[in-house]
Amino acid sequence: CIPFKWGLGFLTELLPSLKQFRCLGRFSWIFYYVFTVFTATYLYYLYRIVRLKGYGSQAMAALLIILSYWGLEAASRTKGSTSRIFNKNELFVDGNVDVGLILEESGRSADEFQGIFFLPFANTCGDKLQFERGLEAFSEAMRCSYQTGIPIVQSFSPRISLSQAMSSIQLLSDSTIYKQRVDDMNQKALLLVIGPGELNQQESALLERAELSWKGDRFSLASLPVEAFNQGHDAWKELATNLVDSLGGKGTFYLDAEPEQVIYRDFERLPSGRSFSGSGSKYLKKGEMELLNEKLFERYADSELELSFWLYVDHRTDNMPRPVLSQWDQDNKLIHREKLNSREVHNVDGMWVRIATILAPEPEIRYELTVEGKYITIDDLLLKPVDARIMVRHEGGDHLLDNYRLPFVTER
């Protein structure tokens, strides 16, 4: 979005073609442009030489023939390239589905809504975070947007602002995370478009906070108040505030479990230009980074554990670093390898995503956690029993509860 996001957005209204300048081959147009100018210059050079030799009419005739052929060839290619640009919209204009009429019959109007949000969720984030389950619902949301003029919150383009894409992905994050996109919205409701796909837990919880107004064969419509996104956040803040005084401990750790049942690595002693909490993080420009390599059953027995850490979304590379949890037996033989999900993650905090998995330790098994890729930055790795509450306090910085940020908790 550079330079338009710097207050120059009005340029796209004056010159609409600036919104997306593209061509086949992307950079090949430079070669063809230069070669075309060279050819025109060279033909004019030949034309002048022939005229100077006294063949003016013949030179003019040859030049006209060449230019005519050149123009016809250009016109033919232009017609072939643009013949399918202007078409009648048969996808979003459906005689059987008039969204404006549906809203009117439901006692609503398009002016009541500031945007469209659709479920199942689909979105992309600069070739990094990507959600594709709701593509069918996306089509229905585009139909509703085309017919009503209401903009869509989500986007499926890798060229949108990375921070804006991250904030829309965050709208379905855990209640422990404040949804920052809400601060950019007014008090109008969102038009919720529900597609035919199955909803996950976060999507179902959001749908319960909406008011269903119309149900169809392909999609349904509901009114979703903006407050619904942060509805559980205030309750979590109250819980976290109460836990500050109830958890035992001192210094950095406050917990309701045995200290030896917690593995926490804050990487504070490692120099880094960025961190999720505190002042340090673990960074690797390229290659494989090891985060954990030890046997867990001796420490945790058969307890169910949550393993989590924060991964920075770096704009300098496409895709995402790939975390892998491997299990090795006592003979150092690989018995299981699991790729942790780092691309379809809603738990976004700023430019960081929380990667988490549940595991049950087995005897004599060594667990190895590695992350492979480019520009890898990791912070706050935490391994704890699922039912344990762990608070980490950073002096002069944000605190963590169960590896979620607590910016609102004050010092004791």
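About the criteria used
Residues numbered from 1 in each chain as written. Predicted model: local features only at pLDDT ≥ 70, side-chain atom pairs only at ≥ 80, totals over all residues. Heavy atoms only, no water. Helix = DSSP H or I, 4+ residues; strand = E, 2+ residues; numbered from the N terminus. Rg over C-alpha atoms; globule rule 2.2 N^0.38 Å. Buried < 20%, exposed > 50% of the residue type's maximum accessible area, 1.4 Å probe, protein only. Contact = heavy atoms within 4.5 Å. Pairing = 2+ DSSP bridges. Axes fitted to C-alpha atoms, helices over the stretch in contact; angles between N-to-C directions. Polar contact = N/O pair within 3.5 Å; in protein donor to acceptor, adjacent residues only side chain to side chain. 1 Å grid on protein atoms, 1.4 Å probe; cavity = no way out; pocket = protein on both sides within 12 Å on 5 of 7 lines; lining within 4 Å. Points joined across faces, edges and corners; volume = space filled by probe spheres on them. Nonpolar A, V, L, I, M, F, W, Y, C, P; charged D, E, K, R; others polar. Phe/Tyr/Trp six-rings, centres within 6.5 Å; stacked < 30°, edge-to-face > 60°. Lys NZ or Arg CZ within 6 Å of the ring centre and 35° of its normal.

K.L.:
Lay out the overall build of the chain with the relevant residues and their values.
P.N.:
Helices and strands together make up the secondary structure of the chain, namely 9 helices and 19 strands. Radius of gyration (C-alpha) of the chain: 29 Å, far over the 22 Å computed for a compact globule of 412 residues. Oriented by its inertia axes, the alpha-carbon framework of the chain measures out at about 100 × 60 × 45 Å. Evaluated residue by residue, the chain yields a buried proportion of 41% over its 412 residues. Considering only contacts in the chain between residues 6 or more positions apart, those separated by 24 or more positions represent 73%.

K.L.:
Can you tell me about the sheet that holds strand β1 (residues 113-119), naming the residues and giving the values?
P.N.:
Strands sit in the order β1-β4-β6-β5 across an open sheet of 4 strands; the sheet is mixed. In this open sheet, the two edge strands, each paired with only one partner strand, are β1 and β5 (211-215). On average, each strand axis in the sheet is inclined to that of its neighbour by 25°, with strand direction left out of account. In terms of strand pairing, strand β4 (residues 189-194) meets strand β6 (residues 220-224) through 5 bridges, oriented antiparallel.

K.L.:
Could you give an account of unusual backbone geometry, with specific residues and numbers?
P.N.:
Of all residues except glycine, most have a negative phi; of all peptide bonds, most are trans. Residues leucine 119 and proline 120 are joined by a peptide bond in cis, for which omega reads -5°. Mapped onto the elements, proline 120 comes out in the loop between β1 and β2 (123-125). Positive phi outside glycine occurs at tyrosine 375, with the angle close to 50°. Tracing the backbone shows tyrosine 375 in strand β16 (residues 366-385).

K.L.:
Run through the side chain of glutamine 170, naming residues and quoting values.
P.N.:
Residue placement: glutamine 170 occurs in the loop between α6 (162-169) and β4. Taking the relative accessible area as the measure of exposure, glutamine 170 reaches 1% and is therefore buried. For glutamine 170, the side chain forms a polar contact with the main-chain oxygen of tyrosine 178, separated by 3.5 Å. Beyond its immediate sequence surroundings of up to four residues, glutamine 170 is in contact with Ile177, Tyr178, Lys179, Gln180, Arg181, His346, Val348 and Asp349.

K.L.:
Describe the environment of serine 275, naming the residues involved and giving the relevant values.
P.N.:
You can see serine 275 is positioned in the loop between β9 (263-265) and β10 (282-295). You can call serine 275 partly exposed: its relative accessible area is 22%. Separated by 102 residues in the primary sequence, serine 275 and threonine 377 have C-alpha atoms spaced 8.3 Å apart. Sequence-distant contacts of serine 275, defined by excluding residues within four places in its chain, comprise Gly280, Ser281, Trp352 and Asp379.

K.L.:
Lay out empty space enclosed by the protein in plain terms, naming residues and giving numbers.
P.N.:
Here the idea is plain: a probe the size of a water molecule rolls over the atoms and shows the empty space left. For the structure shown, the criterion picks out 1 cavity of 30 Å³ or more. Put simply, the largest cavity is a space of about 30 Å³. Around the largest cavity sit Lys128, Tyr312, Val313, Asp314, Thr317, Asn319, Met320, Pro321, Lys374 and Tyr375, which together line it. Its residues assigned to classes, the lining of the largest cavity comprises 5 nonpolar, 2 polar and 3 charged.

K.L.:
Break down the packing of aromatic side chains for me, citing the residues and quoting the values.
P.N.:
By the definition in use, this model includes 17 aromatic pairs. Taking the centre distance of 5.9 Å and the plane angle of 65° together, the rings of phenylalanine 276 and tryptophan 352 count as edge-to-face. In this pair, phenylalanine 276 is assigned in the loop between β9 and β10 and tryptophan 352 in strand β15 (residues 352-359), connecting sequence segments 76 residues apart. Judged by its relative accessible area of 3%, phenylalanine 276 is buried. A relative accessible area of 5% means that tryptophan 352 is categorised as buried. Measuring from ring centre to ring centre gives 5.2 Å for tyrosine 312 and tryptophan 352, while their planes differ by 65°; the resulting arrangement is edge-to-face. Here tryptophan 352 lies in strand β15 and tyrosine 312 lies in strand β11 (residues 305-312), a separation of 40 residues in the sequence. Of the two residues, tyrosine 312 and tryptophan 352, both sit in the buried class. In this structure an aromatic cluster arises from ring pairing among Phe31, Tyr32, Phe35, Phe38, Tyr42 and Tyr45. In this structure, arginine 274 packs its charged tip against the face of tyrosine 312, placed 4.1 Å from the ring centre. One Lys or Arg, arginine 393, reaches over the ring of tyrosine 254 and ends 5.4 Å from the middle of that ring.

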